[in-house]
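# Summary of the model geometry
Listed below, chain by chain, are the residues.
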Amino acid sequence: MKQIFTSIVLFALLLTVNQSVVSQTNFQQEILTAHNKYRQKVNVSPLIWSNQLANDAQQWANYLASLGGRKLQHDSNTNGQGENLWLGTSKRFSYTQMVDGWGQEKQYLTSRRFTLETVSSTGNWSDVGHYTQIVWKNTKKVGCATSKAGGNDILVCRYSPQGNIIGQPIY
């Protein structure tokens, strides 16, 4: 009887670990697919997943959650990584919808070269900054992480090499 109980506990533990791995794999794949559909449209190479970038993103996502999950602020010490941030009501948006929020900024893009004055039809470069980071031709890797706070989900994505460099072509 003791051996049966031990086997059941081990099976349940293994099942939990496997579900966690599958869940993380699904997260990574959904994030990559969402990013790469925008890159494919402008003929730049697909991004690959970086666990190091994901770990860095997780640290910042956790910090943002510690602030209460009501506002976002960029990390001032990203060590040369690009960064996109997203905040929205918990369990209301898929990861694809989160990335699509950034991708929708393409409608304001007016130039293929990144300049503060002319890259956006709104006159504000930050209105296209998330999108341009996604499709930046020199960016090769992405890693993302989530946290929850104050009834909101937070998504942090880190990119390497970073994009949005003034004077350089976007794609």
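Heads up: the structure comes first, above all this text.
Figured I'd write up the structure that's included with this text. Counting of residues starts from 1 at the beginning of each chain's written sequence and follows it residue by residue. Only residues with pLDDT of at least 70 get local features here, since the model is predicted, and only at 80 or more are side-chain atom pairs given and counted; chain-wide, interface and lining totals rely on the full set of residues. As a rule here, side-chain values cover all heavy atoms of the structure and leave hydrogens and water aside.

Turning to the pairing of strand β4 (residues 152–160), a few remarks are in order. One face of the sheet, then the other: side chains in a regular strand alternate in exactly this way. Of all the 9 residues making up β4, 8 are buried; the element is thus mostly covered by neighbouring parts of the structure. Being paired, for any two strands, means DSSP has found at least two bridges between them. Secondary structure elements are defined from DSSP: runs of H or I of at least 4 residues count as helices, runs of E of at least 2 residues count as strands, and each element is numbered from the N terminus. With 8 bridges joining them, strand β2 (residues 82–89) and β4 adopt antiparallel strand pairing. Across the sheet, Glu83 pairs through a bridge with Arg158, a residue of β4. As judged from the 9 bridges shared by strand β3 (residues 141–149) and β4, these two strands associate in the antiparallel manner. Of the residues in β4, the one forming a bridge with Cys144 is Cys157. Counted between consecutive antiparallel strands, the loop separating β3 from β4 contains 2 residues, among which Gly150 sits at a positive phi close to 55°. Relative accessibility under 20% of the residue-type maximum defines a buried residue, over 50% an exposed one, and the middle range a partly exposed one, all with a 1.4 Å probe and only protein chains included.

Inspection of the secondary structure assignment puts Ala145 in strand β3. C-alpha separation for the pair Ala145 and Cys157, spaced 12 residues apart in sequence, amounts to 6.6 Å. Only heavy atoms enter the contact rule, under which two residues are in contact if any of them lie within 4.5 Å. The contacts of Ala145, once residues within four sequence positions are left out, are Phe27, Ala54, Ala57, Gln58, Ala61, Ile154, Leu155 and Val156.

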